[in-house]
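Architecture and fold: a report
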2 protein chains.
Amino acid sequence: MDNERIKDLGEKELIFRLSKYMPNNQTNDDCASLSIANENLLINTDLMVEDTHFNNKTMHPKDLGWKSVTTNYSDLISSGCLKFIGINIGLIINPETKWHWIKELYKGACEALDYYGGIILGGDCSKGIKNAISITAIGLQGKLSLRRYSSKPEEIIITTGNHGLSKLGYLLKTNKTNEDLSKLSRELISQSLNTFQRPKPKRDFLQNIIKSRLSTDQVEIGCTDSSDGFYQAINDLATTSNCKAIIDYKKLPKYKNWPSGEVWDEYYFYGGEDYELIFSLPKDWAKRYLNLDKKSYEIGKFIKGLPSVEIINCPVNIKRNIYSHF
Amino acid sequence: MDNERIKDLGEKELIFRLSKYMPNNQTNDDCASLSIANENLLINTDLMVEDTHFNNKTMHPKDLGWKSVTTNYSDLISSGCLKFIGINIGLIINPETKWHWIKELYKGACEALDYYGGIILGGDCSKGIKNAISITAIGLQGKLSLRRYSSKPEEIIITTGNHGLSKLGYLLKTNKTNEDLSKLSRELISQSLNTFQRPKPKRDFLQNIIKSRLSTDQVEIGCTDSSDGFYQAINDLATTSNCKAIIDYKKLPKYKNWPSGEVWDEYYFYGGEDYELIFSLPKDWAKRYLNLDKKSYEIGKFIKGLPSVEIINCPVNIKRNIYSHF
């Protein structure tokens, strides 16, 4: 049954099968409905397009399902999402696609929903030449707003983890890396592939931020995720918050056995798709937060100045390649 | 400037230009945020894919923008939407596409938002081979729920308008009609093209339903839109509401000078994309409603029986072609 092509299955049967993944939509209504009691909603749309973000060589459909949800949830987390409500899925499918592919995609999506919370609320599917997934995720925001424009001079810049791994994973998957693989540790290879295929945005991040807060008067912090690259994330905070970031290269956390050299720094700064959080906190708050979350790292600070990023103690000349999907 | 290709423009500039259409998202944050006070939300996703739903011959981008919003809002209206909050747009774009195309698309979308309400909340864009638009629309539902499963035996079946026009418009646009065009009235041709390119779901429908209600105890009515075809809509109501629909062919409203014959009935019953509302009301309520809305028509009734559709007084044998996108 799994080997049936969608063109043989027909639209009605496809919609029927997909509706099984929607706990609240057994009635086959087009709209999803949702009761909300005095809340701030966060809404985010992310696209995953065949031959742009994935293909059958780089990504198993189950990983793609996981990644489609988690990359989207990463944006919600970086805006201060307290609770995930769910997702709508817009699915463009080549009619030759087998049901098995879609089933695995939905399995991966459901694994992510099981881990983070939320359900499939509804969606739409349509014929197309290349497969694509458009997910709109909805979450609830607490009293604390996390926004790109909320960083302030004298705040400590923090990251929740390493960078560069996803890019290395992508290069390994596509056999595009020029590196001698025997020089890379098995652990690094495995972790890189995992970061590329199964990104895992930090779900406890906001709780630690709230726990370490000194006063409920503090209602806003500057934050973004590093989906478009580590450098880009810091640059976005600096630009929208109108201050200058000083990043200390020596303080950057690197994965165990991450090699040194210009190309590795390029992956680190501009690789993209690592889905870590980059944010800033006042000094006292940062200290308490870093005591609570031992896997986060202080990497620099914001100062008054023209919106820009300065990297100090940097051994190599970092190229300013901003990540572009076009 | 309008002739620039997206690949020359670059992602950053494209996102910047698109953000100008989002009144609440001038800060370039990925997430849209929204305050909701004790409301029932309706959420709907619809896809428009190049070469499936449109191409540059059949559809001007401005019409496409209008249609992307209104076909989505049609689903919200048919679920009982009182107020439109807005939309998230997922845009897949071939890099050779000119900025002018996207600008016109957004203009058309904004025209629809001006007419119906709601704003562009946020979105995402990505490179792809074929252009596609995935819109997730959010609205507020009032105390009255409109659902496919809520029709009951002895209720009167009502439609808000004619069918078949959109299909004729599509065939005219693609030069696929076998009809002698000189036999068709100019008015019919013009109205068909307009229905295909600029569908206009009835925005006052719910107000008339509420005004004609006899008691606020009546909190649920059976309703769907005819996006997938007139016959399919009635069949969906019958199937999910578990009753039998009797449709009187003689009562079906037809556009002025709509020709008779088997092919015209096929367009009427199975053409799709007319975006009228098909719903059922108890007899008294139906009478009051039909007095209020002179452009709606009683076309039959539900009775107890196996879920099915029976068309009485029908001069031709209607083929059972259910519309499929695959």
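Nothing here was measured: the structure is a model prediction, and the numbers come from that model.

**Here we look at the overall build of chain A**
- Helix and strand counts for chain A stand at ten helices and twelve strands.
- Expected size for 326 residues packed as a compact globule is a radius of gyration near 20 Å; at 21 Å, chain A falls within 12% of this value.
- The principal-axis extent of the C-alpha atoms belonging to chain A is close to 60 × 55 × 30 Å.
- Residue burial in chain A is summarised as follows: out of 326 residues, 51% are buried.
- When contacts within chain A are restricted to residue pairs at least 6 apart in sequence, those whose partners lie at least 24 apart make up 91%.

**Here we look at the sheet that holds strand E2 (residues 39-49) of chain A**
- The strand order E4(A)-E3(A)-E5(A)-E2(A)-E1(B) describes an open sheet built from five strands, whose pairing is mixed. The open sheet has two free edges, formed respectively by strand E4 (119-127) of chain A together with strand E1 (32-36) of chain B, since each of these has just one partner strand. Neighbour-to-neighbour, the strand axes of the sheet open up by a mean angle of 20 degrees, direction not taken into account.
- Bridge count between E2 of chain A and strand E5 (residues 132-141) of chain A: ten bridges; the pairing is antiparallel. Looking across to E5 of chain A, one finds that Val49 of chain A is bridged to Ala132 of chain A.
- With respect to the sheet, helix H3 (residues 61-77) of chain A is in contact with E2, strand E3 (81-93) and E5 of chain A, its orientation differing from that of E2 of chain A by roughly 140 degrees.

**With respect to the domain arrangement of chain A**
Residues and elements named next belong to chain A.
- Taken domain by domain, chain A holds domain 1 (6-141) and domain 2 (145-312).
- In this structure, domain 1 and domain 2 have C-alpha centres spaced 27 Å apart.
- Each partner contributes to the interface: domain 1 provides 17 residues, whereas domain 2 provides 19 residues.
- Per element, the largest residue contribution to the side of domain 1 that touches domain 2 is nine residues, and it comes from H3.
- A class-by-class count of the residues in the side of domain 1 that touches domain 2 yields six nonpolar, eight polar and three charged.

**Brief notes about the pairing of strand E7 (residues 156-159) of chain A**
Residue and element names in this part refer to chain A.
- Alternating positions in E7 separate into two faces, Ile156 and Ile158 on one and Ile157 and Thr159 on the other, with burial throughout.
- Bridge analysis of E7 against strand E10 (residues 277-281) gives four bridges, and the strand direction is antiparallel. Opposite Ile157, over in E10, you have Ser280 as the bridge partner.
- Bridge count between E7 and strand E11 (residues 297-303): four bridges; the pairing is antiparallel.

**As for the nonpolar core**
- By size, the foremost hydrophobic cluster in this structure holds 161 residues, and its most contacted members are Ile234 of chain A together with Ile234 of chain B.
- Residue contacts for Ile234 of chain A: discarding those within four places in its chain leaves Ala245, Ile247, Ile278 and Val309 of chain A.

**Comments concerning the packing of helix H5 (residues 165-173) of chain A against helix H6 (residues 186-197) of chain A**
Residue and element names in this part refer to chain A.
- Look at H5 against H6: their axes get within 7 Å of each other, and the N-to-C directions meet at 95 degrees. One element, H5, and the other, H6, form an angle in the roughly perpendicular class. Between H5 and H6, the contacting residues are Leu165, Ser166, Leu168, Gly169, Tyr170, Leu172 and Lys173 on the first element and Ile189, Gln191, Ser192, Leu193, Thr195, Phe196 and Gln197 on the second.
- When the residues that make up the contact of H5 with H6 are grouped by side-chain class, the tally is seven nonpolar, six polar and one charged.

**As for the sheet that holds strand E9 (residues 244-248) of chain B**
Residues and elements named next belong to chain B.
- An order of E6-E8-E10-E7-E11-E9-E12 is seen for the seven strands of this open sheet, with the pairing classed as mixed. The outermost strands of the open sheet, each flanked by one partner alone, are strand E6 (145-147) and strand E12 (308-312). Averaged over neighbouring strand pairs, the angle between their axes works out to 30 degrees when direction is ignored.
- Bridge analysis of E9 against strand E11 (residues 297-303) gives four bridges, and the strand direction is antiparallel. Within E11, the residue paired with Ala245 across the bridge is Phe302.
- Packing of helix H8 (residues 230-241) onto the sheet brings it into contact with strand E7 (156-159), strand E8 (220-225), E9, strand E10 (277-281) and E12, and relative to E8 it is tilted by some 145 degrees.

**Some remarks on the interface of chain A and chain B**
- Taken together, the contact between chain A and chain B spans 55 residues of the former and 55 residues of the latter.
- For the side of chain A that touches chain B, the secondary-structure elements that each account for two or more residues are helix H1 (6-9), helix H2 (11-19), strand E1 (32-36), E2, H3, E3, E4 and E5 of chain A.
- In terms of residue count, the dominant contributor to the side of chain A that touches chain B is E2 of chain A (ten residues).
- Taken together, the residues that form the side of chain A that touches chain B break down as 19 nonpolar, 23 polar and 13 charged.
- Looking at chain direction, E2 of chain A and E1 of chain B are connected through five bridges and run antiparallel. Paired with Leu41 of chain A across the bridge in E1 of chain B is Leu34 of chain B.

**Observations regarding the relation of the copies chain A and chain B**
- Once turned by 180 degrees and shifted 0.0 Å along the axis, chain A lies on chain B with an RMSD of 0.0 Å. When the rotation and shift are considered jointly, the pair of chain copies conforms to a two-fold rotation axis.
- The overlap is high: 98% of the interface residues of chain A also sit at the interface in chain B, so the same surface is used on both sides.

**A few points about unusual backbone geometry**
Residue and element names in this part refer to chain A.
- Backbone geometry at Glu154 places phi at a positive 75 degrees, although glycine is not the residue there.
- On the secondary structure map, Glu154 appears in the loop between strand E6 (145-147) and E7.
- The phi dihedral of Asn242 is positive, around 60 degrees, even though this residue is not glycine.
- Of note, Asn242 is situated in the loop between helix H8 (230-241) and strand E9 (244-248).

**So, the packing of H3 of chain A against helix H4 (residues 99-116) of chain A**
Residue and element names in this part refer to chain A.
- The contact between H3 and H4 brings their axes to 6 Å, and the two run at 40 degrees. Of the possible angle classes, the one that applies to H3 and H4 is oblique. In the packing of H3 onto H4, the handedness of the crossing is right-handed. Where H3 abuts H4, its residues Pro61, Lys62, Asp63, Leu64, Gly65, Trp66, Ser68, Val69, Thr70 and Tyr73 lie against Trp101, Glu104, Leu105, Tyr106, Lys107, Gly108, Ala109, Glu111, Ala112, Leu113 and Tyr116.
- Taken together, the residues of the contact of H3 with H4 sort by class into twelve nonpolar, four polar and five charged.

About the cut-offs
Residues numbered from 1 in each chain as written. Chains lettered and ligands numbered in written order. Predicted model: local features only at pLDDT ≥ 70, side-chain atom pairs only at ≥ 80, totals over all residues. Helix = DSSP H or I, 4+ residues; strand = E, 2+ residues; numbered from the N terminus. Rg over C-alpha atoms; globule rule 2.2 N^0.38 Å. Buried ≥ 20, exposed ≤ 12 C-beta atoms within 10 Å, placed from the backbone. Contact = placed C-beta atoms within 7 Å. Pairing = 2+ DSSP bridges. Axes fitted to C-alpha atoms, helices over the stretch in contact; angles between N-to-C directions. Domains from an automatic or database assignment. Nonpolar A, V, L, I, M, F, W, Y, C, P; charged D, E, K, R; others polar. Core = buried A, V, L, I, M, F, W, Y, C linked by C-beta atoms within 7 Å. Parallel < 35°, antiparallel > 145°, perpendicular 65-115°, else oblique. Least-squares fit on C-alpha atoms with pLDDT ≥ 70 in both. Left-handed = near helix turned anticlockwise from the far one by under 90°.

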